[in-house]
Amino acid sequence: MAYKIKASDCTACGACEAECPNIAISFKKGTYVIDPVKCTECQGHFDAPQCAAVCPADCCVPA
Amino acid sequence: MDNVISLDGILGLGELKAPDTAPPASAASGCSSSSCGSSDGPADMAPEVWEKVKNHPCYSEEAHHYFARMHVAVAPACNIQCNYCNRKYDCSNESRPGVVSEKLTPDQAIRKILAVAKEIPQLSVIGIAGPGDSLAAGGRNTFATFEQLQKKAPDLKLCLSTNGLALPDHVERIAQYNIDHVTITINMVDPEVGQHIYPWIFHGHRRWTGLDAAKILHERQMLGLEMLTARGILVKVNSVMIPGINDEHLLEVNRQVKARGAFLHNIMPLISDPAHGTQFGLTGQRGPTAQELKVVQDACEGGAKLMRHCRQCRADAVGLLGEDRGAEFTIDRIEAMGEVDYDDEARRSYREHVEAERAGRAVSKAAAKAEVQDSVGAQAAPILIAVATKGGERINEHFGHAREFQIYEVGPQGATFVGHRRVDQYCEGGSGDEDALDGVLAAINDCTAVLVAKIGGCPSKSLQAAGIEPVDRFAFEYIEESALAYFKDYAGRLSRGAVSVRAGQDAVIRTGALTALRA
Ligand code: SF4
Ligand code: SF4
Ligand code: SF4
C-alpha cells in the first residue's frame, strides 16, 4: 500500500512533493523518495495517487 | 568605475567607450532570451505603459539594445506536458530554452541576482521562466524568490512565464509582489488544435488527457489572461509556431488574446530535433523556416502587437538579449563570492545615460526617414538587410564574431526590425571556418546587404558571390539611420540600373543555432 519513485527516471523536478497530501515525499541525495510508512496511495484523499498523476517522467509506481 | 568600463565593452557604445580600454573579448552575441518587444516608442503608447516597458529588454524593442535581463531557474516542477518539451534533456554541449543545467534554491537565486546586478549595470529585469512552470507546485520557489528580491533590490523589475494552467489561482499574489509583466504561452484557442500539442495536464487533483485536457487548459489560460489585464498587469503571449498544427490557427490566437487585453504577441518557431527527445522531435515534426515565420507574423500585424526580437532564452539566461553570460555565474562561483552587498549606483547612472541618449535618437531617426522619403519616393520596394550588432542600437560587431544577425526591413516607410537569425561564429580565433560561413549565408539568404563594423576579404567575396552586399562604411553608427542611408544609395543605384533586385530566397532558421551555445 505504498508508491515508490524509480530513481533512474526521476528528473528531480519536485512536482510530486508539492502534491502529496501526506507529506510522504522528500528530497534525499539528489532524488525524490517516498516514505512507505506515510504513503497511503492517496486513498481517502483523492481518486488517484497524486504523485503518479503529476509526474512528467511517469516514474511514480506501486511499490 | 570597473563596472562602467565593462559596461562600455559589452555594449560597444561609441561615446561611452573609454578611449584607453580595449573592449573585453566577451562580446554580446546571439540572444537567447524572450527578448521580444514592442517596436513602439513613447510616442505611441500610454505614458503609464511606456513607464513599465521602457527599460524592459523583452517588452520594448528599443530597450533590448540597452538593457539586460536575467532568468533564475528556481521552478523545476511542471503541471502539464507539452509535445515540444523534454525536461529530462540536459546536455552541457547544447542548451535549449526551458532546459537548464543548474537549478537554484530561492536563496541561491537571490545571491546570484545580487552578484550579477553588481557586475552588469544594464540589468533591469529578473524573470522566472522555469525550467518547469513558474506557478506549478504552488509557485512556492517563485514567490519566495520574488518576496526577498523586492526587499533587497526594489529597482529590478520582476516578471514570470507560465503555461497558464495554475494562473487564475495566483493572480492575487502576482499583484501583491509588484510583478508587472507576465508571459503566458498560448499555442491554441481551439482544444481540437490543442490536443495535438498537449498530451496531458494535471488539474483538480487528476490527470486529464486529449480534448478534455486541452479544453481545461484553454479555459484557464483565457481566465488568467483576463484576470491579469483587468488588474493592469501587462501580459505578453508567447506562441510556438508548429507547422501543420497551429500555424494558420495563430491568427485566431492573435485575435483572441488581443481582444482579452494582451499587450504583445510573440510568435516563436518550434525548436525540434530528434536528439532533444521531445515528442515532436521523435515524430519528425519540423519547425518553420524564416519566411514561414515572417508570413504568419506579418499576417498578425494589426492584431496584438507582435514582438520580433525574441531569442527563446534559456531559463537561466543572463545578460543582454543576444548574449548569454550564464556560464560566468555558476553556483560554485556565486557561493565562492561570499556575501554580496547590494549597491544600485552603477545601474542608476547607466539608466540616466540611456535616457539622455534616447532623447536624441528620436530626432535623428525621423530626419533619416524624411530624407529617404524625399529622395526615393514610394516606388522602391523594401529590402531586407542584416546587421551585426552587440547592442546600443549600433553597427558594432565584426562579421566574423557575430553569433546572430538582426534583420531589418528597409524601405520608403522607414527601417523596422523584423527578427534575428542565429549563426555559428564564423571566425573562431582568427581563421574562418567554411561550414560556418555557409551557415551564415543560409541564415541571411533573403537579405540584400549585411552591415558590419568590420569584415575580412574572404567572407566579403563569398557574400558578394552569393549576391549579398557587405557594407562596413557605417561602422559604429546607429542602425536605423545607417540602414536608411544605405537604402537611399541602393535605390539610386537601382534606378540607374547599376544593381538589380535580389531574388528572395527563403532563409533557414537553424535549430541548433537558435539556442545559444555556451561559450
Ligand atoms: S501515492 Fe499519494 S500519498 Fe503516496 S507518495 Fe504519492 S502522493 Fe503521496
Ligand atoms: S514528479 Fe516525477 S520526476 Fe518530478 S520529482 Fe517527482 S518523481 Fe521525480
Ligand atoms: S509548460 Fe513548459 S516545462 Fe511544462 S511541459 Fe510545457 S514546455 Fe515543458
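Chain B is annotated in an unreviewed UniProt entry as FeMo cofactor biosynthesis protein NifB of Azospirillum thermophilum. Reading the Sequence similarities (unreviewed entry) entry of the UniProt record for chain B gives the comment "Belongs to the radical SAM superfamily. NifB family." Quoted straight from UniProt, the Pathway (unreviewed entry) entry for chain B says "Cofactor biosynthesis; Fe-Mo cofactor biosynthesis."

Per an unreviewed UniProt entry, chain A is named Ferredoxin, and its organism is Azospirillum thermophilum. The UniProt entry for chain A carries this comment under Cofactor (unreviewed entry): "[4Fe-4S] cluster".

**Section: the overall build of chain A**
In terms of helices and strands, chain A carries 2 helices and 4 strands. When burial is assessed residue by residue, chain A has 46% of its 63 residues classed as buried. In chain A, once contacts between residues fewer than 6 apart in sequence are set aside, the share between residues at least 24 apart is 59%. Looking at chain A as shown, the accessible area adds up to about 3,300 Å², and 54% of this sits on carbon and sulfur atoms.

**Overview of the overall build of chain B**
Secondary structure assignment for chain B yields 16 helices and 18 strands. Across the 519 residues in chain B, those meeting the buried criterion constitute 59%. When contacts within chain B are restricted to residue pairs at least 6 apart in sequence, long-range pairs at least 24 apart make up 75% of them. Put simply, chain B shows about 19,400 Å² of open surface, and 51% of that area lies on carbon and sulfur atoms.

**Points about the sheet that holds strand E13 (residues 404–411) of chain B**
Residues and elements named next belong to chain B. Pairing is mixed in the open sheet, where 5 strands are placed in the order E14-E13-E12-E17-E18. The open sheet terminates on both sides in strands that have one partner only, identified here as strand E14 (414–422) and strand E18 (469–471). If you compare each strand with its neighbour and ignore which way they point, the axes differ by 25 degrees on average. The pairing of strand E12 (residues 383–387) with strand E17 (residues 449–451) spans 3 bridges and is classified as parallel. Bridged to Ala386 within E17 is Val450. Set on the sheet, helix H15 (residues 479–495) makes contact with E12, E13, E14, E17 and E18; between it and E13 the angle comes to about 55 degrees.

**Some thoughts on the environment of Gly139(B)**
Residues and elements named next belong to chain B. Positionally, Gly139 belongs in the loop between strand E3 (123–128) and helix H4 (140–152). Here Gly139 falls in the buried class, since its relative accessible area comes to 1%. Leaving out residues up to four positions away in the same chain, Gly139 has contacts with Ser134 and His170.

**A short note on the sheet that holds strand E6 (residues 200–203) of chain B**
Within a sheet, each strand pairs with its neighbour through backbone hydrogen bonds, oriented either parallel or antiparallel. Residues and elements named next belong to chain B. Across the sheet, 3 strands lie side by side as E2-E6-E7; this open sheet has antiparallel pairing. Strand pairing shows two members of the sheet lacking a second neighbour, strand E2 (80–81) and strand E7 (206–209), which therefore form its edges. Where E6 meets E7, 4 bridges bridge the pair, whose relative direction is antiparallel. Paired with Phe202 across the strands is Arg207, a residue of E7. Lying on the sheet, helix H7 (residues 210–230) is in contact with E2, E6 and E7; it crosses E7 at an angle near 105 degrees.

**Topic: the site of ligand 1**
Ligand 1 sits among 13 residues. The nearest are Cys20(A), Asn22(A), Cys39(A), Cys42(A) and Cys51(A). A breakdown of the residues in the shell around ligand 1 according to their chemical character gives 9 nonpolar, 3 polar and 1 charged.

**A few points about the confidence of the model for chain A**
Per-residue pLDDT for chain A averages 91, and the proportion of residues at 70 or more is 100%. Mean pLDDT values for the elements of chain A range from 90 in strand E2 (residues 25–28) of chain A up to 94 in helix H2 (residues 50–54) of chain A.

**Regarding unusual backbone geometry**
Working note: non-glycine residues mostly have negative phi, and peptide bonds are mostly trans. Even without being glycine, Asp58(A) reaches a positive phi, approximately 50 degrees. Along the chain, Asp58(A) falls in the loop between H2 and strand E4 (60–62). Positive phi, close to 65 degrees, is recorded for His205(B), a residue that is not glycine. Its location among the elements puts His205(B) in the loop between E6 and E7. Here His205(B) falls in the partly exposed class, since its relative accessible area comes to 36%.

**Here's the deal with H7(B)**
Helix length check: H7(B) (21 residues) gives 31 Å between terminal C-alpha atoms against 30 Å at 1.5 Å per residue, within 8%. Those residues of H7(B) that sit buried are Ala213(B), Ala214(B), Ile216(B), Leu217(B), His218(B), Arg220(B), Gln221(B), Met222(B), Gly224(B), Leu225(B) and Leu228(B).

**Points about the packing of helix H8 (residues 249–259) of chain B against helix H10 (residues 290–300) of chain B**
All names here are of chain B. Close contact between H8 and H10 brings their axes to 9 Å; oriented N to C, the two are set at 35 degrees. Here the hand of the crossing between H8 and H10 comes out right-handed. For the pair formed by H8 and H10, the contact residues are Leu250, Leu251 and Asn254 on the first element and Val296, Ala299 and Cys300 on the second.

**Considerations on the confidence of the model for chain B**
Should pLDDT be low for a region, the predicted coordinates there are not to be read in detail. All names here are of chain B. Chain-level pLDDT for chain B is 76 on average; 71% of the residues reach the 70-or-more range. Of the regions scoring below 50 in pLDDT, residues 1–43 engages in 140 contacts with residues more than four places distant in sequence or in other chains. Here residues 90–100 is a poorly scored stretch, pLDDT under 50, and it has 37 contacts once near neighbours within four places are set aside; other chains count. Scored by ipTM, the complex comes to 0.92, with pTM at 0.70.

**What to know about the side chain of Ser134(B)**
Structurally, Ser134(B) can be placed in the loop between E3 and H4. Once you skip the residues sitting within four places of it in the chain, Ser134(B) turns out to touch Ala75(B), Ile128(B), Gly139(B), Thr142(B), Leu160(B), Ser161(B) and Thr162(B).

**Examining the interface of chain B and chain A**
On the chain A side, the residues contacting the 14 residues of chain B number 18 residues. Both sides together, the interface formed by chain B and chain A hides about 1,300 Å², and carbon and sulfur atoms give 54% of it. Linking chain B with chain A are 2 salt bridges. The closest approach of N and O atoms between Arg207(B) and Asp58(A), which form a salt bridge, is 3.0 Å. Applying the counting rule to chain B against chain A returns 6 residue pairs in polar contact (both at pLDDT 80 or more). Among the residues forming the side of chain B that touches chain A, the class breakdown is 6 nonpolar, 3 polar and 5 charged.

Thresholds, definitions, all that
Residues numbered from 1 in each chain as written. Chains lettered and ligands numbered in written order. Predicted model: local features only at pLDDT ≥ 70, side-chain atom pairs only at ≥ 80, totals over all residues. Heavy atoms only, no water. UniProt positions renumbered as here; feature names shortened; annotations may be inferred. Helix = DSSP H or I, 4+ residues; strand = E, 2+ residues; numbered from the N terminus. Buried < 20%, exposed > 50% of the residue type's maximum accessible area, 1.4 Å probe, protein only. Contact = heavy atoms within 4.5 Å. Areas by Shrake-Rupley, 256 points an atom, 1.4 Å probe, with all protein chains shown as cover. Pairing = 2+ DSSP bridges. Axes fitted to C-alpha atoms, helices over the stretch in contact; angles between N-to-C directions. Near = heavy atom within 4 Å. Nonpolar A, V, L, I, M, F, W, Y, C, P; charged D, E, K, R; others polar. pLDDT = per-residue confidence, 0-100. Expected span 1.5 Å × (residues − 1). Left-handed = near helix turned anticlockwise from the far one by under 90°. Buried area = accessible area lost by both parts, 1.4 Å probe. Salt bridge = Lys/Arg side-chain N within 4 Å of Asp/Glu carboxyl O. Polar contact = N/O pair within 3.5 Å; in protein donor to acceptor, adjacent residues only side chain to side chain.

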